[in-house]
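Descriptive structure summary
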Amino acid sequence: MTVELEVAGGWLTVCPLSALVPGRGVAVLLPDGSQAAVFLDRAGRPYAIGNQDPFTGAHVLSRGLVGRAQGRPFVASPLLKQRFDLESGRCLDDEEVAVRTYRVRTAPAP
Amino acid sequence: MTVPEPLPAIVLIGHGMVGQRYLEALAERGATATHRITVLCEEPRPAYDRVHLTSYFSGRTPEDLSLTPAGFMERHGIELRLDDPAEHVDTAARTVTARSGRVVPYDVLVLATGSHPFVPPVPGRDAPGCFVYRTIEDLLAIEEYAKTRSSGAVVGGGLLGLEAAGALQGLGLATRVVEFAPRLMPAQVDEGGGAALLRTIESMGLTVHTGVGTQEVLTGQDGSVCGMSLSDGSTVETGLVVFSAGVRPRDQLARAAGLAVGERGGITVDARCRTSDPRVYAIGECAQAVDGRVYGLVAPGYEMAETAAEDLLGREKEFTGADLSTKLKLLGVDVASFGDAHGTAEGSLDVVWSDSRSGVYKKLVVSPEGVLLGGVLVGDADAYGLLRPLTGSVPPVAPERLVLPAGAGAPVALGPSSLPDTAVICSCHNVTKKAVTACATLAEVKKCTKAGTGCGSCLKVIGQLLPAAAGQGLCGCFPYTRAELYEIVRTRRLASYRDILDGHGSEEARGGDGCEVCKPAVGSIIASLAPALGASGYVLDGEQAALQDTNDHFLANLQRNGSYSVVPRVPGGEITPDKLIVIGEVARDFGLYTKITGGQRIDLFGARVDQLPRIWARLVDAGFESGHAYGKALRTVKSCVGQTWCRYGVQDSVRMAIDLELRYRGLRAPHKLKSAVSGCARECAEAQSKDFGVIATASGWNLYVGGNGGAVPRHADLLAQDLSDAELVRLVDRFLMFYIRTADRLERTSTWLERLEGGLDHLRDVVVHDSLGLCDELEALMADHVAHYRDEWAETLSDPERLRRFVSFVNAPGAPDPTVRFVPERDQVKPDLAVLTVGGAAR
């Protein structure tokens, strides 16, 4: 199985599913030079959001810890620990801040 | 055709903090829908946080300071006219004329015109270079003018004067403060407090004149400020002058309109904040309250705003006075005063703790019956949050225990839980403990009660009152404390987070992903107990890897631009020239910034994730191992050179430091651990500020525990004396394992020791006299740790699978992260923050 991310040009293959550890993320370099963070939860569901932490500007969200609060999956930024909803991109600690989200899917390896 | 009855009109004059609070109070009560509201504001910007004005100089923008929520005026149909002050009030015609010429009729008029700074009538006070310190516009003007000057003076050594002085110093000016009274902050602190404050402020490089008046502002040939002559006959040079000599209520409009004013100024109001004309209210600093006082603080102003809003709606609320408690951080010095700080009540008694060395002065005023009446805290105002709500009651412990510093006597057993339900926790918004504890989270507290949104001095106590901090569980996922989880993991021999969460987590967390709070805590517990559980000691093995915080996950310290620092272990700070050269070569070859740290080692900053394995390959080859500067583990054991080299040394402190560091390296704990060994009582290694510190005596070693540098410094307590090498190591083994077993998550040994029931005596009973029969077990756990220690970086480098995660991008393993860039500074590099912009603006 591979992990695919939807970008402007269509579905981009980013890595084999086995490269993802449940509960952790990886960073992906997108064709336009921007970065996404892809995560796998314990149930094996993938999520993808922008990799840039809006509070510090650093591209580090992929290195945060994944968790679940009120049934919703989130990642906590490794820098100042704000949490971001992995499905909506909304910051759970500051409702005025959000990061972008990407559609992501797993597909059989070609 | 019928014409609808026009809505009654409210005109508010002044849009400061109190004016905005009044509008919010109306909005909360639905009165904005039933009234037509016009606000006349003199300043060019809507209400902002004047209390935190000085934070503009530490990076907050005027927008950050705004107190007016976006869209608030539109949402409530309020007309806000900026830059258009009221010039005339006609109480007979019930109209207000603004500077623009507009005439606004009112049914109800609210005066919230605030204060204006008092400028003493000295010659030269209007010269270019003279300023007041009241509005954002004032600050912008001072900032601009300061660029052309190298020195400045503040007239007035009160709260605001000292803030202004700090701001001038921050702008790079040599700064002096001239205070007419014989001490700084005469209104808030007493003589002893003023003396402590003076020492601290002078030590920061400011010049202070007390008991001296300003006679004249001197001007140069171009007419601008060049100095001041003082009442002691001296003349000082200064490039600018800021007047901060108090404020006067702005009551001119009211006077001209024929409203009653107090003898010393301030619009006279009754307990419902009505002036002598019942259709006119006055609130905040322009009003003289029914107790005859003009309050220059925001909390009473807010309460007056609420009172006037309630009265408008025909509800009963009275404002009859407020306390003058204040807490602030001046130039980095904590200052607080509350209640009857000057001990004016008859028969009142003082309890004073004063430590001139550290600039700490604490005084409590108590009645003969033991009722706490007030106090002054300078240099350490941590207790303010607890003491102020206790004012008016008899504290549950003796007053001297409330002022003694931690470690200098019996630990203070008083926590926020001992406060009565009726204790006021947030005095800005008058919120009781009961209202706070009805909420579950800080966000809820702020939303439902507004507590914590004023001056912020109550936030610490609120944090302690909320359930998460009350020891009811580690986080939402576990109903157990860290110590309880440790016991569960140890006795059930659980080495899998999944098993722990699914078997012992809260109902709703089972089967889920946990959270960022419990995952690293459980990861740490498993790592500390690994040999006993039969688990792999390698923290990145299998499921363990998903638990580690970023630092542990990449075995390096994450820095602000996403790069990492690399810290090789230098046990005891002893290093050979060859190894020094290797560190230098590695840093040079990878372009890293190097710094010698307080822990006596060399940090290498600026490594990208994908460089870490190559950097460590070189270091491991040269005989270095992981310094565990990441994660919660033993950092360093610092040492002096001891008896080998030093004329005064009485033991070999270097050897002991190396032995201890190697023994406890890699030990995962609730918090990072630091240690030091000094070769004599001169204490060059600063062992008493460490979690465990050792000081040599002529006959052995003295062991100190529970010390702390950092944000809340604490001197360590002497646990045992004149120990042999073996006795010392055995005691440290027991101490550390007992701490790891019973401490809370992220709890340092210092706070743990203070929380421990029975304190130091109990600890001594357990680890020296084995009162709980635990010592064999504690020693065995440590022996396991020592026997199973392996260097994490050597292990990582030997396994290609593990190395695979050290890439910047999963889909481009060779590509470096283009946002991790550096620019030169002092012949080395620093992060290029310009590339870290969010939405176009760098944060």
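Preceding this section is the structure that the text describes.
Predicted model only: the values in this text are computed from it and were never measured.

1. Quick notes on helix H25 (residues 775-788) of chain B
All names here are of chain B. Across its 14 residues, H25 extends 20 Å between first and last C-alpha, which sits within 8% of the 20 Å expected from 1.5 Å per residue. Turning to H25, its buried residues are Cys775, Leu778, Leu781, Met782 and His785. Along H25, the residues classed as buried sweep out an arc of 130° about the axis, all on the same side. Exposed and facing more than 90 degrees away from the buried side of H25 are Asp776 and Ala787. Where H25 is buried, its residues touch helix H14 (482-492), helix H16 (518-533), helix H21 (653-664), helix H22 (725-742) and helix H24 (759-767).

2. Digging into the environment of B:Val108
Residues and elements named next belong to chain B. Structurally, valine 108 can be placed in strand S7 (residues 108-111). C-alpha separation for the pair valine 108 and isoleucine 37, spaced 71 residues apart in sequence, amounts to 9.6 Å. Beyond its immediate stretch of four places on either side in the chain, valine 108 contacts Ala9, Ile10, Val11, Arg279, Tyr281 and Leu312.

3. What to know about the pattern of salt bridges
In the structure shown here, the tally under the stated rule is 61 salt bridges over all chains. A:Glu4 serves as the salt-bridge partner of A:Arg105, at 2.7 Å between the closest nitrogen and oxygen. Note that A:Arg105 is positioned in strand S10 (residues 104-107) and A:Glu4 in strand S1 (residues 2-7), a separation of 101 residues in sequence. What makes A:Arg105 partly exposed here is its relative accessible area of 35%. A network of salt bridges, in which partner residues are shared, links B:Arg21, B:Glu24, B:Glu28, B:Arg29, B:Glu306, B:Glu310 and B:Arg315.

4. A short note on the sheet that holds strand S1 (residues 9-13) of chain B
Residue and element names in this part refer to chain B. Read across the sheet, 5 strands follow the order S3-S2-S1-S7-S19 without closing on themselves; strand pairing throughout is parallel. Only two strands of the sheet have a single partner each, and these edge strands are strand S3 (78-81) and strand S19 (280-282). Neighbour to neighbour, the strand axes of the sheet diverge by 15° on average, direction disregarded. Examined bridge by bridge, S1 and strand S2 (residues 36-40) share 5 bridges and lie parallel to one another. What sits directly across from alanine 9, in S2, is arginine 36. Each of S1, S2, S3 and S7 is contacted by helix H1 (residues 17-28), which is oriented at about 155° to S1, the strand it contacts most. Relative to S19, helix H8 (residues 298-312) is tilted by about 160°, and along the sheet it contacts S1, S7 and S19.

5. Here we look at the packing of aromatic side chains
Under the criterion given, the structure shown has 13 aromatic pairs over all chains. Ring geometry for B:Tyr295 versus B:Phe319: centroids 5.8 Å apart, planes at 85°, classification edge-to-face. Residue B:Tyr295 is located in the loop between strand S20 (287-288) and H8, and its partner B:Phe319 is located in the loop between H8 and strand S21 (326-330); the two are separated by 24 residues in the primary sequence. Ring centres of B:Tyr739 and B:Trp752 lie 5.3 Å apart, and the angle between their planes is 70°; on these two criteria the pair is classed as edge-to-face. Placement of B:Tyr739 in helix H22 and of B:Trp752 in helix H23 (residues 749-755) is noted, with a sequence separation of 13 residues between them. The pair formed by B:Tyr739 and B:Trp752 is uniform in burial state, with each residue classed as buried. Each residue in the set B:Phe554, B:Tyr564, B:Trp616, B:Trp793 and B:Phe806 is aromatic and connected to the rest through ring pairs, giving one cluster. For the cation-ring pair, A:Arg100 lies above A:Tyr102, with the distance from its terminal atom to the ring centre recorded as 4.0 Å. Its end group placed over the ring of B:Phe624, B:Lys579 keeps NZ or CZ at 5.0 Å from the ring centre.

6. Quick look at the pairing of strand S24 (residues 360-366) of chain B
Residues and elements named next belong to chain B. Along S24, 7 of the 7 residues are buried, which leaves the element largely enclosed by surrounding structure. Burial along S24 is two-sided: the face carrying Val360, Lys362, Leu364 and Val366 and the face carrying Tyr361, Lys363 and Val365 are both buried. For strand S23 (residues 349-355) and S24, the ladder comprises 7 bridges, and the chain directions are antiparallel. The residue bridging serine 354 from the neighbouring strand is tyrosine 361, located in S24. Where S23 folds back on S24, the antiparallel hairpin that results is connected by 4 residues, among which glycine 359 adopts a positive phi of roughly 70°. Bridging between S24 and strand S25 (residues 372-378) involves 6 bridges; their strand directions are antiparallel. Along S25, the bridge assignment pairs tyrosine 361 with valine 378. Two successive antiparallel strands, S24 and S25, enclose a turn made up of 5 residues, where glycine 370 displays a positive phi of approximately 95°.

7. What about the pairing of strand S11 (residues 174-179) of chain B?
Residues and elements named next belong to chain B. In terms of burial, S11 is a largely internal element, 5 of the 6 residues being buried. For S11 and strand S12 (residues 207-210), the ladder comprises 4 bridges, and the chain directions are parallel. If you follow valine 177 over to S12, its bridge partner there is valine 208. Note on the crossover from S11 through helix H6 (residues 191-203) to S12: the handedness is right-handed.

8. Points about the sheet that holds S11(B)
Residue and element names in this part refer to chain B. Pairing in this open sheet of 5 strands is parallel, and the strands run S9-S16-S10-S11-S12 from one edge to the other. Pairing within the sheet leaves two strands with one partner each, and these edge strands are strand S9 (130-132) and S12. Within this sheet the neighbouring strands show an average axis-to-axis angle of 20°, counted without direction. In this structure, strand S10 (residues 151-155) lies alongside strand S16 (residues 241-243), joined through 3 bridges in parallel fashion. Each residue of the ladder has a partner; that of alanine 153, found in S16, is valine 241.

9. Description of H1(B)
Residues and elements named next belong to chain B. Counted at 1.5 Å a residue, the expected span for H1 with its 12 residues is 16 Å, and the 16 Å between its end C-alpha atoms agrees. The buried fraction of H1 is high, at 11 of 12 residues. All buried positions along H1 are accounted for by Met17, Val18, Gly19, Gln20, Arg21, Tyr22, Leu23, Glu24, Ala25, Leu26 and Ala27. Phi turns positive, to about 75°, at glycine 30, one or two residues after H1.

Calculation criteria
Along each chain, the written sequence defines residue order, and numbers are assigned to residues from 1. Each chain is given a letter, starting from A, and each ligand a number, starting from 1, according to the order in which they appear as written. In keeping with the model being predicted, local features are shown solely for residues with a pLDDT of at least 70 and side-chain atom pairs are shown and tallied solely at 80 or more, while totals for entire chains, interfaces and linings include all residues. Only heavy atoms go into the side-chain values, all of them from the structure, while hydrogens and water stay out. The way it works is that DSSP assigns letters per residue, a run of H or I at least four long becomes a helix, a run of E at least two long becomes a strand, and they are numbered from the N terminus. In this analysis, the expected span of each helix is defined as 1.5 Å times one less than the number of residues it contains. Note on exposure labels: buried denotes an accessible area under 20% of the residue type's maximum, exposed denotes more than 50%, and partly exposed covers the range between, all computed with a 1.4 Å probe on protein chains only. By arc we mean the arc of the directions from the helix axis to the C-beta atoms, nothing more. The contact rule is simple, with two residues in contact once any of their heavy atoms fall within 4.5 Å. Any Lys or Arg side-chain nitrogen found within 4 Å of a carboxyl oxygen on Asp or Glu counts as a salt bridge. Strands are labelled as partners when DSSP assigns at least two bridges between them. The angle between two axes is taken between their N-to-C directions and runs from 0 to 180 degrees, where each axis is a line fitted to C-alpha atoms and a helix contributes only its stretch in contact. Centres within 6.5 Å are what make two rings of Phe, Tyr or Trp a pair, Trp counting through its six-membered ring; a difference in plane orientation under 30 degrees is then read as stacked, over 60 as edge-to-face, and the rest as tilted. Counting as a charge over the ring demands two things of the Lys NZ or Arg CZ atom: a distance within 6 Å of the ring centre and an angle within 35 degrees of the ring normal. When the strands point away from the viewer, a crossover counts as right-handed if the route from the first strand across the helix to the second turns clockwise.

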